[in-house]
Amino acid sequence: MKEKIAKIEKEAKEALEKIVDKQTLNELKIKYLGKKSELTNVLKDMANIAKEERPKIGSLANKVRNELEEKIKEKEQELEKIELARKIEKEKIDVTLPGTKVKKGTKHPVNSVIEEIEDLFVSMGYTVESGPELETDRFCFELLNLPQGHPARDMQDSFYITDEYLLRTQTSAVQARTMLANKEKSPIRMICPGKTYRREDDATHSHQFTQAEGLVIDKNISFADLKGTLEIFAKEIIGKNSKLRFRPSYFPFTEPSYEVDVSCFKCGGKGCNLCKKTGWIEVLGAGMVHPNVLTMCGYDPEKYSGFAFGLGLERIAMFKYNIPDMRYLYANDVRFLSQF
Ligand code: FA5
């Protein structure tokens, strides 16, 4: 029996020497110290041993068992240390390496234009107003002298939601809202930038685009005020050398009405595919507020007059940043947007 125990001890110690991972160590522990191990069997077999031999064999088996337990524990600690060292080595941080760059968003060109326009007009005493994008037919058309069935409604291809509601086709709806909220209480000088929607889509037209409406109502406002204001706007926002061209036009809510063009930024006015060989790009509509609109919105046209204009802000962003196609502004391509 003694030899048997010695053999078990020798075998176990040799196997223990070779162990390099925790799983094999665990298997070894079960093999030599587990309930079904040879050492446990020796203790279980004690009944078959001569009575006087029993204490010696018992104490020898226990001694070996304790020793093996101790050695396995030591091995366990040794393996844990190795594992920890390996982990630390792997997770080592090199503080001298350059950090990962955090990508920062940039301001969208149309938002930059909105901010510049707001700053300019606020500096001239204007307020900044807003209105709903889901607008009623009444504010978008009727109060602007465009009753149901008026042929000029065809000028704007609208997205109707119901018979009454539509996505506003023009920020001019905010003209009516501002006048009705004010009703001769004080003169109006307001600017309203906002999203507008029409069923159009090409290099210079988008189905969703941004307009900024301007409205001034007071006593003795004349066309000279409108022209002077737009000239300041062109010089300050578009560029010192930009030229404006007023073309007589028609809007039901202004009389007289104009479409205002700016000399083409791409060809400088020579004519190219962007300006359709004309040298000019239309950026806004404007005119003197129609007496019918003044009356419907609570102003006496005998006492008050005013001017209004509606700018297309994508086209202004195109001028300022040399963007050849309006669709780039809405493609959400980070390579394009990060240039601004
Ligand atoms: C109007 O929308 C009038 N409400 C402007 C106005 C206001 C006239 C006040 C008189 C008094 P118009 O449809 O021309 O007008 O549009 C004005 C500007 O919006 C255009 O000059 C153009 O720069 C821009 N615009 C119009 N449609 C689009 C579109 N689909 N995509 C991008 N810009 C557009």
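Here, the structure is the one placed above.
Residues numbered from 1 in each chain as written. Predicted model: local features only at pLDDT ≥ 70, side-chain atom pairs only at ≥ 80, totals over all residues. Heavy atoms only, no water.

A. Main features of the sheet that holds strand β3 (residues 159–160). Ordered by their spatial adjacency, three strands build an open sheet running β2-β4-β3, and the pairing between neighbours is antiparallel. Each edge of the sheet is formed by a strand with only one pairing partner; in this case those strands are β2 (134–136) and β3. Where β2 meets strand β4 (residues 165–167), three bridges bridge the pair, whose relative direction is antiparallel. Residue pairing for β4: glutamate 135 is matched across the bridge by leucine 166. (Pairing = 2+ DSSP bridges. Helix = DSSP H or I, 4+ residues; strand = E, 2+ residues; numbered from the N terminus.)

B. Fine view of the pattern of salt bridges. Overall, the coordinates contain 20 salt bridges when judged by the stated rule. Close ionic contact of lysine 10 with glutamate 14 constitutes a salt bridge, the shortest N to O distance being 3.5 Å. In this pair, lysine 10 and glutamate 14 both sit in helix α1 (residues 2–18), four residues apart, roughly one turn of the helix. Since its relative accessible area comes to 41%, glutamate 14 is described here as partly exposed. Two residues, arginine 65 and glutamate 69, come together in a salt bridge whose shortest N-O distance is 3.8 Å. Placement of the pair is arginine 65 and glutamate 69 together in helix α4 (residues 54–90), with a separation of four residues, close to one helical turn. (Salt bridge = Lys/Arg side-chain N within 4 Å of Asp/Glu carboxyl O. Buried < 20%, exposed > 50% of the residue type's maximum accessible area, 1.4 Å probe, protein only.)

C. Expanded view of the nonpolar core. Counting 44 residues, the largest nonpolar core has Ile117, Phe233, Leu284, Phe309, Leu311 and Ile316 as the members making the most contacts within it. Setting aside its immediate chain neighbours within four residues, phenylalanine 309 contacts Phe121, Ile191, Ala212, Glu213, Gly214, Leu226, Leu230, Leu284, Gly285 and Ala286. (Core = buried A, V, L, I, M, F, W, Y, C linked by side-chain atoms within 4.5 Å. Contact = heavy atoms within 4.5 Å.)

D. A look at the site of the ligand. Neighbouring the ligand are 27 residues; Gln170, Ser172, Arg198, Glu200 and Glu282 lie closest to it. Here arginine 198 contributes a side-chain N or O atom positioned 2.7 Å from an oxygen atom of the ligand. Measuring from an oxygen atom of the ligand, one finds a backbone N or O atom of valine 283 at 3.2 Å. Isolated, the ligand exposes 680 Å² of accessible area, and the fraction of that covered by the protein chains is 96%. For the shell around the ligand, the secondary structure elements donating two or more residues are β6 (208–218), β8 (254–263), β9 (280–289) and β10 (305–312). If you tally residues by element for the shell around the ligand, the top one is β9, at five residues. Each residue belonging to the shell around the ligand can be placed in one class, and the counts come to nine nonpolar, twelve polar and six charged. (Near = heavy atom within 4 Å. Polar contact = N/O pair within 3.5 Å; in protein donor to acceptor, adjacent residues only side chain to side chain. Areas by Shrake-Rupley, 256 points an atom, 1.4 Å probe, with all protein chains shown as cover. Nonpolar A, V, L, I, M, F, W, Y, C, P; charged D, E, K, R; others polar.)

E. Fine view of unusual backbone geometry. Of note, the bond from glutamate 255 into proline 256 is cis; its omega dihedral lies within 30 degrees of zero at -5°. By secondary structure assignment, the location of proline 256 is in strand β8. Backbone geometry places asparagine 220, a non-glycine residue, at a positive phi of 60°. Here asparagine 220 shows up in the loop between β6 and α8 (223–238).

F. Quick look at the pairing of strand β5 (residues 188–197). Within β5, eight of the ten residues are buried, which leaves it mostly tucked inside the rest of the structure. In this structure, strand β1 (residues 127–128) lies alongside β5, joined through two bridges in parallel fashion. Bridge assignment links threonine 127 to a residue of β5, and that residue is methionine 190. Judged from the ten bridges that link them, β5 and β6 form a sheet pairing that is antiparallel. Bridge pairing in β6 links lysine 195 to threonine 210.

G. Molecular detail of the packing of helix α5 (residues 109–123) against helix α10 (residues 313–321). Viewed as axis vectors pointing N to C, α5 and α10 meet at an angle of 100°, and their least axial separation amounts to 9 Å. Taken together, the axes of α5 and α10 are roughly perpendicular relative to one another. Facing Pro109, Val110, Ser112, Val113, Ile114, Glu116 and Ile117 of α5, the residues of α10 in contact are Leu313, Glu314, Ile316, Ala317, Lys320 and Tyr321. Partitioning the contact of α5 with α10 into residue classes produces nine nonpolar, one polar and three charged. (Axes fitted to C-alpha atoms, helices over the stretch in contact; angles between N-to-C directions. Parallel < 35°, antiparallel > 145°, perpendicular 65-115°, else oblique.)

H. Representation of helix α7 (residues 173–182). Of all ten residues in α7, seven are buried; the element is thus mostly enclosed. Listed in full, the buried residues belonging to α7 are Ala173, Val174, Gln175, Ala176, Thr178, Met179 and Asn182. Count one or two residues on from α7 and you reach lysine 183, which has phi positive near 40°.

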